[in-house]
Every structure is written in C-alpha cells, then in structure tokens.
Amino acid sequence: MEFQSSVFLPAGILLPKPGVDLTKWAVVACDQFTSQPEYWQAVEETVGDAPSTLRLILPEACLNAPDVSNRIEAVNAAMRRYLEEGLFQTLENAMLYVERTQSDGTTRRGLIGMVDLEQYDFTPGSGALVRATEGTVLERVPPRVQVRREAPVELPHVMLLIDDPNQTVIEPLTAEREAMEPLYAFDLQQGGGRLAGWRLTAPQIASAVSGLASLCRPEEQARKYGLKNAPPLLFAVGDGNHSLAAAKQCYEDLKKVTPPEQWSALPGRFALAEVVNCRDAALQFEPIHRVVSGIDPKALLNAFQAFYPEAFRGRGAGHCIEYICADESGALTVPNPAARLAAGTLQAFLDQYLQDHSGDIDYIHGAEVAERLGRQRGCIGFRLPAMEKEDLFKTVMADGVLPRKTFSMGHAQDKRYYMEARKIQ
C-alpha cells in the first residue's frame, strides 16, 4: 500500500518480545508526577532489573539535574543494548488499535501510527494540518532535542486529537477486533489501569487513512466550524507537544545536512503517536485553575476591573470567572470578551499584572485545591469553567493557539504509558 500523501501512516513498530513482563515494561509519560519523586521511586522499585521503558526515557523531573548529560547517555546506551540483545520484535508497516482502561473504569480508544513532521508546525497561527493546541515554551525544547538527537529509537507519549463527532475513524475498529491480530493485554503499574492492543489488517489501515483524509476536506471543516477560508486542521496536539516539537527540530536539523530528494526517506521525518477522537466519552477535558500568591487580592481585583473597564463583580453574560481569597469569594464578569475562552481573558490580565507587579502564579488541577490555596493570606484563586470539546478545533483555527494551560486531558495516571517504539536512526 502507498500512502505518500498521507499525514498519518503505518510504521515499523517495535514491541518487546514474548517473555518480557509488560507491567514492568510500560511506564507513564515522562512529564507526569514531576513534583512527586516518590512516584518515580515506586516505579524504580517495581521495575528492578527487568527490561523497561523506564531505562529508555528521561523523566522530566530530571531534566535540570546536574548530571543530566550522563543520564541522557545512559538512556541512549540502554536503547542500543536492547536493540543489540534482540529484545524487540518489529511489526513492519503496522498500525495498532489500542484500548486503554482508565483509572475510573472507562475505556479510551486510540490508533497508533506515525505522523509526518513536514505537516506539523507549532508556530501560533500556522495553517499546518498538525498544530499545537497551546503556546510552545521554546526553552523547554532544547533539553528534549538533546535526549532525541542521539537516540536510536523513539517512544511516544504524544497524543494527537481528531475532531470526529460522527465517530467514523477509530470507533468502528472496536467491532472489527476479531479480524485483527491481538498483540498485548495487561495491567499497568501504579494505578494506570489496563492496556490492550491489536494490529490492523491492510484493509483496515486503508480505511483509517481514508477516514482521516475525509475529516479535513474543506466542505467537512466548513460544516463543523463555519469558518470561511480557514486552513484545515486535522490533528491538534493534545499531549506531548514539547516532545513533538523536539522531534520537529531534530528533523529540521537533519534537513540542513541532507539533500532534499532524500528527506522523504529520513526516519526522523516521522514521529510515532497515538490518535484519539476528542469526542471519545472517556476523554475528559478538565479546566486548569489559577492561584496567584505574593499579592494583595483586593488590589489585584481592582486592577482586573481597570484592565477590563466593562468588567463587573457578579455573574452575567460574557466570561464569568470565579475568585476566592481569604476575605471574600465571588465572580468577575467580562461582557463582550475579545478572547473566545475565559482562560484567555484571565490569562491576558494575569500576564500583564505579574509583569508589572511582584507575585507568582500556579496552575492548579482541581477546583477544591484552587479554593484551599486561594484562601491563604496573600493569595487569590481563580476557578475557570471547563472548555467544551466542540470548542477546541474551532478556537485553535480562529485564534492560533489556546491560552496557556487551558485544559488537561484526564488525571496523571491516565496519561499515555510508553509501550511501542520505533527506530529513528
């Protein structure tokens, strides 16, 4: 089969050979539990000396460690050792259908293949088919480039979202599992739920690729979003944007030393990823709240109303943002907001306020935590409404990117676990 014009393609997927303890093999995305070293210590104790993706990644909590270069070399050495020892089996030209039973018992469905980095751009306002959902923090990219540059294999925690309200691409595969080759089914460690995967047949791959192409046809995008002349958006990066940005940077560096006619053959042109329908009922968009500390809450509230002269205390039409501090709680309403989302309205003010005044901002998961922290002296908490799934693609297409820290997709233990790999050298 040829998929030369496709954005998402089958890949040579590496899986551990039979006999490997998959519960020890798979570990959660490296950017989770960054402030909880006890989590990663528990993973270390669970894995022990067994083969594990723990040896093939660098937890984000270690990115600023003084010995980070040695850690990266140890990761690359482990990759080479696993390859030399024949620990992997290779599935050529493969796409996988996966089912992830989450910590709440619901099942999230996904499709694993590789995305063409030529079609990805994290620049705000880009018209690429694959785009970031929020602003990329450029200083977070170089450490990840350092990890990837000499790595012989990649392991993805990238999750690409499609907007498929009619469930035409991934969901039909659930009923077709009997025709697929079962690959794995096991419990994930540290409360991560359960993971099962199957290999698609050739006709199923062709159908999935065709279905993805249909989602970004101009008439389909116009029907869903009502935006005229807007470049089509197929994939919005839901998780792992900085890792994908690092892959993009490594590919751009390769292009500088490779003749253009050879770019399509570069393994580094592609990145392994999981595609998930943002309309999947198991995929929950949770708001990320804000707590500002080291400030005078009353002065900050007054500054908010000065920043938005039409804003008023209380609830009304427009963007309504709840606040909590030691002496009071209530709501601020901004009528006729310029931003599409309340997170954008609040973030624009906070960025300016903290540029002009002292204070620190924390991004908080959980309304109760935001309230508890906001009630401390010298602090104020802001609780934001959840973003509706149908707003995601339209907002990215209209505004370029979402405001920083707009939403989170589920709990940390429900993020992607490393399981599959792919050679990139």
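Look up: the structure comes first, before these words.
Residues numbered from 1 in each chain as written. Predicted model: local features only at pLDDT ≥ 70, side-chain atom pairs only at ≥ 80, totals over all residues. Heavy atoms only, no water.

With respect to the environment of arginine 71
Definition in use: Under the DSSP-based scheme used, a helix requires at least four consecutive residues in state H or I and a strand at least two consecutive residues in state E, with every element numbered from the N terminus. In what follows, a contact means two residues having at least one pair of non-hydrogen atoms within 4.5 Å.
Residue placement: arginine 71 occurs in helix α3 (residues 68–84). The residues contacting arginine 71, other than those within four sequence positions of it, are Leu58, Cys62 and Ala65.

A look at empty space enclosed by the protein
Worth spelling out the cut-off: We place a 1 Å grid over just the protein atoms. Points where a 1.4 Å probe fits but has no way out form a cavity, open points with protein on both sides within 12 Å along at least 5 of 7 lines form a pocket, and any residue with an atom within 4 Å of a point lines it. Grid points are joined across faces, edges and corners, and a volume is the space filled by probe spheres set on the points. For this classification, Asp, Glu, Lys and Arg are treated as charged, while Ala, Val, Leu, Ile, Met, Phe, Trp, Tyr, Cys and Pro are nonpolar and the rest, including Gly, are polar.
By the definition in use, this model includes three cavities of 30 Å³ or more. Each pocket or cavity is described by its volume, and for the largest cavity that value is around 410 Å³. Residue lining of the largest cavity: 26 residues in total, with Val147, Arg148, Leu155, Ser243 and Tyr418 positioned closest to the centre. Secondary structure elements with two or more residues in the lining of the largest cavity: α4 (141–149), β8 (153–154), α7 (241–255) and β13 (270–277). If one sorts the elements of the lining of the largest cavity by residue count, α7 sits on top with four residues. Of the pockets and cavities examined, the second largest cavity occupies roughly 70 Å³. Lining the second largest cavity, in full, are Val98, Arg100, Arg108, Ile112, Tyr184, Leu188, Leu195, Glu274, Arg416, Tyr417 and Glu420. When grouped by side-chain class, the residues that make up the lining of the second largest cavity number six nonpolar, no polar and five charged.

Side note on the pairing of strand β9 (residues 159–162)
The line we're drawing: Burial status follows relative accessibility: with a 1.4 Å probe on protein chains alone, a residue under 20% of its type maximum counts as buried, one over 50% as exposed, and anything between as partly exposed. Each pair of strands is called paired provided DSSP finds at least two bridges between the two strands.
Burial of β9 is two-sided: the residues Met159 and Leu161 facing one way and the residues Leu160 and Ile162 facing the other way are all buried. The pairing of β9 with strand β12 (residues 235–239) spans three bridges and is classified as antiparallel. Counterpart to leucine 160 in the pairing with β12 is valine 237. By the bridge criterion, four bridges tie β9 to β13 in an arrangement that is parallel. Note that in β13 the partner of leucine 160 across the bridge is valine 275.

Things to note about the nonpolar core
As a reminder, the rule being used: To define a nonpolar core, start from buried Ala, Val, Leu, Ile, Met, Phe, Trp, Tyr and Cys residues and group those joined through side-chain atoms within 4.5 Å.
Among the nonpolar cores identified, the biggest contains 47 residues, and Trp25, Trp40, Leu56, Phe88, Tyr184, Phe186 and Met419 are the most heavily contacted of them. Once you skip the residues sitting within four places of it in the chain, tryptophan 40 turns out to touch Val28, Ala29, Cys30, Gln32, Phe33, Leu54, Ile57 and Pro59. If you look at the next biggest cluster of nonpolar residues, it comprises 43 residues, including Val115, Leu117, Leu129 and Val237.

Here's the deal with unusual backbone geometry
Phi at glutamine 167 is positive, roughly 55°, even though this residue is not glycine. With phi around 50°, asparagine 336 is a residue other than glycine that occupies positive phi space. On the secondary structure map, asparagine 336 appears in the loop between β17 (329–334) and α9 (342–356).

Focus: the side chain of glutamine 347
Note the threshold: For the purposes of these results, a polar contact is taken to be a pair of N or O atoms within 3.5 Å, where, inside protein, one atom must be able to donate a hydrogen and its partner to accept one; residues adjacent in sequence count only when each atom of the pair is a side-chain atom.
Summarising the element assignment, glutamine 347 is placed in helix α9. A relative accessible area of 3% means that glutamine 347 is categorised as buried. Among the polar contacts listed, one links the side chain of glutamine 347 to the side chain of tyrosine 363, at a separation of 3.1 Å. Beyond its immediate chain neighbours, meaning those up to four positions away, glutamine 347 contacts Arg290, Ile361, Tyr363 and Arg404.

A closer look at the packing of helix α8 (residues 297–307) against α9
Threshold: To obtain each axis, a line is fitted to C-alpha atoms, and for helices this fit is confined to the stretch in contact; angles are then taken between N-to-C directions over 0 to 180 degrees. Left-handed describes a crossing whose near helix is turned anticlockwise from the far helix through less than a right angle; right-handed describes the clockwise counterpart.
As a packed pair, α8 and α9 sit with axes 11 Å apart at the nearest point and diverge in direction by 115°. The handedness of the crossing between α8 and α9 is right-handed. On α9, the residues touching Ala299, Leu300, Ala303, Phe304 and Phe307 of α8 are Leu346, Ala348, Phe349, Gln352 and Tyr353. Classifying every residue of the contact of α8 with α9 gives nine nonpolar, one polar and no charged.

So, the side chain of aspartate 414
Applied cut-off: We score Asp and Glu as negative and Lys and Arg as positive, and we do not count His or the chain ends. A pairing counts as a salt bridge when a side-chain nitrogen of Lys or Arg comes within 4 Å of a carboxyl oxygen of Asp or Glu.
On the secondary structure map, aspartate 414 appears in the loop between β20 (407–409) and β21 (422–423). At 4.4 Å, arginine 100 is the nearest oppositely charged side chain to aspartate 414, a buried residue that forms no salt bridge. A polar contact of 2.8 Å, which involves the side chain of aspartate 414, links it to the backbone nitrogen of serine 103. Contacts of aspartate 414, omitting those with residues within four sequence positions, involve Arg100, Gln102, Ser103, Arg108 and Gly192.

A few points about the packing of aromatic side chains
Put simply, the rule reads: Aromatic rings from Phe, Tyr and Trp, taking only the six-membered ring of Trp, are treated as a pair when their centres fall within 6.5 Å; an angle between ring planes under 30 degrees marks them as stacked, one over 60 as edge-to-face, and anything in between as tilted. For a ring to carry a charge above it, either NZ of a lysine or CZ of an arginine must fall within 6 Å of the ring centroid while also lying within 35 degrees of the normal to the ring plane.
A complete count under the given rule lists 15 aromatic pairs for this structure. Between phenylalanine 304 and phenylalanine 349, the aromatic rings sit 5.1 Å apart at their centres with planes inclined by 75°, giving edge-to-face as the arrangement. Taken as a pair, phenylalanine 304 in helix α8 and phenylalanine 349 in helix α9 lie far apart in primary sequence, 45 residues in all. Using a relative accessible area of 0% as the deciding quantity, one classes phenylalanine 304 as buried. By relative accessible area, which is 2% here, phenylalanine 349 ends up buried. Relative to tyrosine 308, the ring of phenylalanine 307 has its centre 4.8 Å away and its plane inclined at 85°; by these criteria the two rings are edge-to-face. Looking at tyrosine 308, the relative accessible area reads 17%, which means it is buried. By way of ring pairs, the aromatic residues Phe304, Phe307, Tyr308, Phe349 and Tyr353 are connected into one cluster. The ring of tryptophan 263 is capped by lysine 255, whose NZ or CZ atom sits 4.6 Å from the centre of that ring. Taking the ring centre of phenylalanine 285 as reference, the NZ or CZ of lysine 389 above it sits at 6.0 Å.

Just distances and angles here, no functional claims.
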